[in-house]
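# Geometric and topological summary
What follows is each chain in one-letter form.
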Amino acid sequence: MTPRLPGVWVHLRCPLEVTVSRCWDSGRGRLRQGSPPAARSSVFGFAGSDTMAATVRRQRPRRLACWALMTVLLADLLALSDTLAVMSVDLGSESMKVAIVKPGVPMEIVLNKESRRKTPVTVTLKENERFFGDSAASMAIKNPKATLRYFQHLLGKQENNPHVALYKARFPEHELGFDPQRQTVYFQISPQLQFSPEEVLSMLLNYSRSLAEDFAEQPIKDAVITVPAFFNQAERRAVLQAARMAGLKVLQLINDNTATALSYGVFRRKDINSTAQNIMFYDMGSGSTVCTIVTYQTVKTKDAGMQPQLQIRGVGFDRTLGGLEMELRLREHLAGLFNEQRKGQRAKDVRENPRAMAKLLREANRLKTVLSANADHVAQIEGLMDDVDFKAKVTRAEFEELCADLFERVPGPVQQALQSAEMKLDEIEQVILVGGATRVPKVQEVLLKAVGKEELGKNINADEAAAMGAVYQAAALSKAFKVKPFVVRDAVIYPILVEFTREVEEETGVRSLKHNKRVLFSRMGPYPQRKVITFNRYSHDFNFHINYGDLGFLGPEDLRVFGSQNLTTVKLKGVGESFKKYPDYESKGIKAHFNLDESGVLSLDRVESVFETLVEDSPEEESTLTKLGNTISSLFGGGSTPDTKENGTDTVQEEEEGPVEGSKDEPGEQAELKEEAEAPAEDTSSPPPPEAKGAAAPEGEKATEKDGGDKPEAQKPSEKGEAGSEGAPPAPEEEKKQKPARKQRMVEEIGVELVILDLPDLPEDQLARSAQKLQDLTLRDLQKQEREKAANSLEAFIFETQDKLYQPEYQEVSTEEQREDISGKLSATSTWLEDEGFGATTAMLKEKLAELRKLCHGLFFRVEERKKWPERLSALDNLLNHSSMFLKGARLIPEMDQIFTEVEMTTLEKIINETWAWKNATVAEQAKLSATEKPVLLSKDIEAKMAALDREVQYLLNKAKFAKPRPRPRDKNGTRAEAPLNASASDQSEKVIPPPGQTEDTKPIPEPEKETAGPEAADSEPLELGGPAAESEQKEHPEQPTGQKGTLKNDEL
């Protein structure tokens, strides 16, 4: 069926090969006939000739193909638009903020179900239901054991980590189990219910996505999640696994300090210039404190020209300094006061009651907030324990005394950040506060004294800055949006190095083992970036280790919390086989390709064994297809090295390598380290690498070459010449015959076995089971919500209908027996809902509701129809009156100017008369019926009559809109019937009528010169018509003789 599109003209071919025109407009769906052929030709722009019909037949397949292609593209576009939105989750210790970007909604904070902009990071897990956010926070007092908070502190931690013991001390109501496989802990809610921290975080991420989808009104899969800057590799992988369980596609794990700095820079883009600006962000949240030094300036990028850039220069942190520790100390103080009040009553210690401690923690949180603005406040809790109320006055001085040692730790992150950035306080232009705990006055006082500034910056939203920066990065990484570029250069907090052992020969016949360390990613180095390390002295299978570098900047306690400093042991298999496969080739070493991605997660992409030899390549042996392939490759690939195929070999160009950073080994015994030339093209956040001579290489590679001093042995003059000649124009034909031997590189993939040392990842089968378990819980929650919705709908329908039965408009259209029958059914259903409704299924509740609606349908229908009658009948009367006036006006048009056919006007008149007759007859019939009977005057029938009448009128109006005036008929002498009344003086020029027997020239006739009357004057004299124009012209020429009458232009209407 042809789609109905307003105002679209569709050309169809009927079986008799007659061109027919159809116009589909709003509310019109039938073929209009009766229009004159000339009018149809003028409107549609074609004539019904055989040639045109043949042309249309030839073009039909082409048009159908075009329409099919447009339909597919439109469907793809609509499908893509349904999933355009992206989200960010600012995952804090106490609360989280969710932001989205979708078409038409740029960077908006998502409101939760309680219409709040931030949601507590709290999950309540019971046997048959789950609660999140504010609902879970309210359950913390009723069921503290099943309510989980601050569980992020356990991510990536093994059972012997000090933070696990600290969590047990802070929240003794939670029972933590031990996982012997991964050496981690999990929450034991009940004997049948247990969840790991990753699973709990996955539930929360899934909940945050549901909030974002409800707000965006479309599904969302892509997300950017914030994590603390001090998260190590194990903690970051744990967050990624939790997101994978939730079915989220993580575009990036962005450090929360980086997201805050990005938000600050995006909204102050105009203030950033080529002069470097150093800004310090001091972020004290609920669980930790991070101090960051950021440098803003504009840099020249390869693709977008001058663009703003932020670079993380220094980072300092304290994992346990935050608002939670202050609240816990206030809770302990309040618990002591309550115990003193009940000292002589032989009462139990309030610390042994989990519910009472949960109440005290909530009151401590409120008290901390109030004391930030007041000097004192009264803490009061009704029925704290054993129905005993608690009331005590706490001053700000007491609070500051309780947290005196915490305030002394405030300057610590500032000093760490300055040391890592190698900067002084004088170079910092501004210190900006971020995080909720910075609102405590004592924190601001100590920090202001530590930084030595006049004031602290508070010109940023301390709660939402990280979420806004993260969602901007999500939009930049998404392919659905185009944002203004903002270069982000994050910094590596923990250095990573490679360690390996090799046999060396110290004396003749004496061999010993030598341990080597090579820095892979240095501290405060930028990421994302790729590195390649080359092992030159291995011809057999060997192992090497990836560990953290020097962590001397961490204190003893931080090192214990950090966990294992060994990351991975890499076991290579197949090195010896690769040497046997290419015995005649020269080995260029074993190359390991490392990638520190945008999320700060290290991965080993591949390990290759590279061989090289010299081969003679004569131009005559190259086939035409090979030349064509090389030409196409150079056009599209830019002469870059092709990717190595898996488990195969390929010919690649020799890569330039820099010497090892800080290496003092003899030549040939060192592992060569370089940055990989190919940077991820899709990474819009990292700065593009500067151009080097001959090839593009990251600027880190330049720095490595500069620091290394001497050039490696692999870089020989012949290779330099070869590399430099790549970009040169092709040599003449006579020079090609003397082409020297070229180098051929063979690459063999090496098998890799990884042994994770810091924290084993969840196995794939366990990860799948966890994801399935969470999906089952989500499905159960949805079914529960659907049942609750059905029960609420049934209960609401009963109450509303019982109330309507006593309203006059419902009593008017129903009898007493009908109302009693409905009331009895409603009462019986209400009783059933109270007695058996708790065990009823969703289907039973929906069935009960359907029965009641069917019973009350007639009553509701009669009331609704009576409400619609006045408006519908009034609209019908107005339409009939206007249509009649239009028809009268159309019939008054002179026949010469008539654009409507008699068939069209007769059709309209017939519809008007039929509609009047139907309306009068139906209204009269309805007046004879009782109000309790089914009405015969229906609103839908009135609307149908109005639509039919309106369709006819609209058709005639559209025809009049596009109609062209008809040409005027000429008289026997070739003149038109009458002159226009409003003709201008310039239009009244003379026009000579040709003699009989001659045709009038189609070209404009020039005005003849005035001559005296002659014998031929009577024959050529034009016809004179009387009228205002003729009289005025005669008055303008009174001196003209009567024999020479002025000629008048009388050929226009």
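That block above? That's the structure.
Residues numbered from 1 in each chain as written. Predicted model: local features only at pLDDT ≥ 70, side-chain atom pairs only at ≥ 80, totals over all residues. Heavy atoms only, no water.

## Here's the deal with the sheet that holds strand β16 (residues 289-301)
- Across the sheet, which stays open at both edges, the six strands sit in the order β20-β15-β16-β17-β21-β24 with mixed pairing between neighbours. Two strands close off the open sheet at either side, each with one partner strand: β20 (430-434) and β24 (526-527).
- Here 13 bridges tie β16 to strand β17 (residues 305-318), and the two strands are oriented antiparallel to one another. In the sheet register, Tyr-296 faces β17, and the bridge partner there is Leu-310. (Pairing = 2+ DSSP bridges. Helix = DSSP H or I, 4+ residues; strand = E, 2+ residues; numbered from the N terminus.)

## Regarding the pairing of strand β11 (residues 184-190)
- Burial of β11 is extensive: seven of the seven residues sit out of reach of the surface.
- Of the pairings in the sheet, the one linking strand β10 (residues 176-179) to β11 comprises four bridges and is antiparallel in character. Pairing of Leu-176 across the sheet is with Phe-187, part of β11.
- Bridging between β11 and strand β12 (residues 193-195) involves three bridges; their strand directions are antiparallel. Residue pairing for β12: Ser-190 is matched across the bridge by Leu-193. (Buried < 20%, exposed > 50% of the residue type's maximum accessible area, 1.4 Å probe, protein only.)

## Re helix α8 (residues 323-341)
- Given a rise of 1.5 Å per residue, 19 residues ought to cover 27 Å, and the 27 Å separating the end C-alpha atoms of α8 matches this to within 8%.
- The set of residues buried in α8 consists of Gly-323, Leu-324, Glu-325, Met-326, Glu-327, Leu-328, Leu-330, Arg-331, Leu-334, Ala-335, Phe-338 and Asn-339. (Expected span 1.5 Å × (residues − 1).)

## A closer look at the packing of aromatic side chains
- Applying the stated criterion across every chain yields a total of 27 aromatic pairs.
- Pairing Phe-338 with Phe-390 gives two aromatic rings, centres 5.7 Å apart and planes at 80°, and the pair type is edge-to-face. Here the residue Phe-338 occupies a position in helix α8, and Phe-390 occupies one in strand β19 (residues 388-395), the gap between them amounting to 52 residues. Phe-390 shares its class with Phe-338; the two are buried.
- Note on Tyr-582 and Tyr-585: the rings are 5.4 Å apart at their centroids and 70° apart in plane angle, and the pair reads as edge-to-face.
- For Tyr-582, a relative accessible area of 9% puts it in the buried group.
- A network of ring pairs unites the aromatic residues Phe-500, Phe-535, Tyr-538, Phe-542, Phe-544 and Phe-594 as a single cluster. (Phe/Tyr/Trp six-rings, centres within 6.5 Å; stacked < 30°, edge-to-face > 60°.)

## Observations regarding the packing of helix α24 (residues 842-891) against helix α26 (residues 939-962)
- Their axes nearest at 10 Å, the elements α24 and α26 cross at an angle of 25°. Considered as vectors, α24 and α26 are oriented roughly parallel to each other. The interaxial crossing formed by α24 with α26 has left-handed handedness. Contacts from Glu-865, Lys-868, Arg-872, Leu-873, Ala-875, Leu-876, Leu-879, Leu-880, Ser-883 and Phe-886 in α24 reach Ser-939, Ile-942, Glu-943, Met-946, Leu-949, Asp-950, Val-953, Leu-956 and Leu-957 in α26. (Axes fitted to C-alpha atoms, helices over the stretch in contact; angles between N-to-C directions. Parallel < 35°, antiparallel > 145°, perpendicular 65-115°, else oblique. Left-handed = near helix turned anticlockwise from the far one by under 90°. Contact = heavy atoms within 4.5 Å.)

## Describing a nonpolar patch on the surface
- On the surface, Val-752, Leu-754 and Ile-756 cluster together to form a nonpolar patch covering roughly 220 Å² of accessible area.
- By the element assignment, Leu-754 lies in strand β33 (residues 751-756).
- When its relative accessible area of 46% is taken as the criterion, Leu-754 is described as partly exposed. (Patch = residues over 30% accessible without salt bridge, like charges linked within 9 Å, V, L, I, M, F, W, Y side chains within 5 Å. Areas by Shrake-Rupley, 256 points an atom, 1.4 Å probe, with all protein chains shown as cover. Salt bridge = Lys/Arg side-chain N within 4 Å of Asp/Glu carboxyl O.)

## Some words on the pairing of strand β7 (residues 122-125)
- A two-sided burial pattern is seen for β7, the buried positions comprising Thr-122 and Thr-124 on one face and Val-123 and Leu-125 on the other.
- Bridging between β7 and strand β9 (residues 147-149) involves three bridges; their strand directions are antiparallel. Its bridge partner being in β9, Thr-124 is matched across the sheet by Thr-147.
- Bridge count between β7 and strand β8 (residues 130-132): three bridges; the pairing is antiparallel. Within β8, the position partnered with Val-123 by the bridge is Phe-132.
- Adjacent in sequence and paired antiparallel, β7 and β8 are bridged by four residues.

## Topic: the nonpolar core
- Ranked by size, the top nonpolar core spans 130 residues in total, and within it Phe-281, Tyr-296, Phe-535, Phe-544 and Phe-594 carry the most contacts.
- Of all the elements, helix α14 (residues 465-477) adds the most residues to this core, at 10 residues.
- If we skip the residues at most four places from it in the chain, Tyr-296 touches Ala-261, Tyr-264, Gly-265, Ile-272, Thr-275, Ala-276, Gln-277, Ile-279, Phe-281, Gln-309, Leu-310 and Phe-486.
- Leu-321, Val-414, Ala-421 and Val-440 belong to the second largest nonpolar core, which has 45 residues in total. (Core = buried A, V, L, I, M, F, W, Y, C linked by side-chain atoms within 4.5 Å.)

## Section: the sheet that holds β10
- Pairing is antiparallel across the open sheet formed by three strands, whose spatial order is β10-β11-β12. Edge positions in the sheet fall to β10 and β12, since each has one partner strand and no second. Taken pair by pair, the neighbouring strands of this sheet meet at an average axis angle of 35°, ignoring direction.
- Contacts from helix α5 (residues 197-216) reach β11 and β12 within the one sheet, and its direction differs from that of β12 by about 85°.

## Examining the side chain of Thr-295
- Secondary-structure assignment places Thr-295 in strand β16.
- Look at Thr-295 and you get buried, because its relative accessible area is 3%.
- Within the structure, Thr-295 has its side chain in polar contact with the side chain of Asn-278 (distance 2.8 Å).
- Aside from chain neighbours lying at most four places away, what touches Thr-295 is Ala-276, Gln-277, Asn-278, Gln-309, Leu-310, Gln-311 and Arg-313. (Polar contact = N/O pair within 3.5 Å; in protein donor to acceptor, adjacent residues only side chain to side chain.)

## A word on the side chain of Asn-595
- Structurally, Asn-595 is set in strand β28 (residues 586-596).
- Residue class for Asn-595 comes out buried when judged on its relative accessible area of 12%.
- Among all residues touching Asn-595, those that are not within four sequence positions of it are Gln-529, Arg-530, Val-601, Leu-602, Ser-603 and Asp-605.

## Looking at unusual backbone geometry
- In this chain, Tyr-527 is followed by Pro-528 through a cis amide linkage whose omega measures 10°.
- Here the phi dihedral of Tyr-150 falls at roughly 55°; this positive angle occurs in a residue that is not glycine.
- With respect to the helices, strands and loops of the structure, Tyr-150 is situated in the loop between β9 and α4 (162-170).
- Residues other than glycine seldom take positive phi values, yet Gln-183 does so here, at roughly 65°.
- In this fold, Gln-183 is placed in the loop between β10 and β11.

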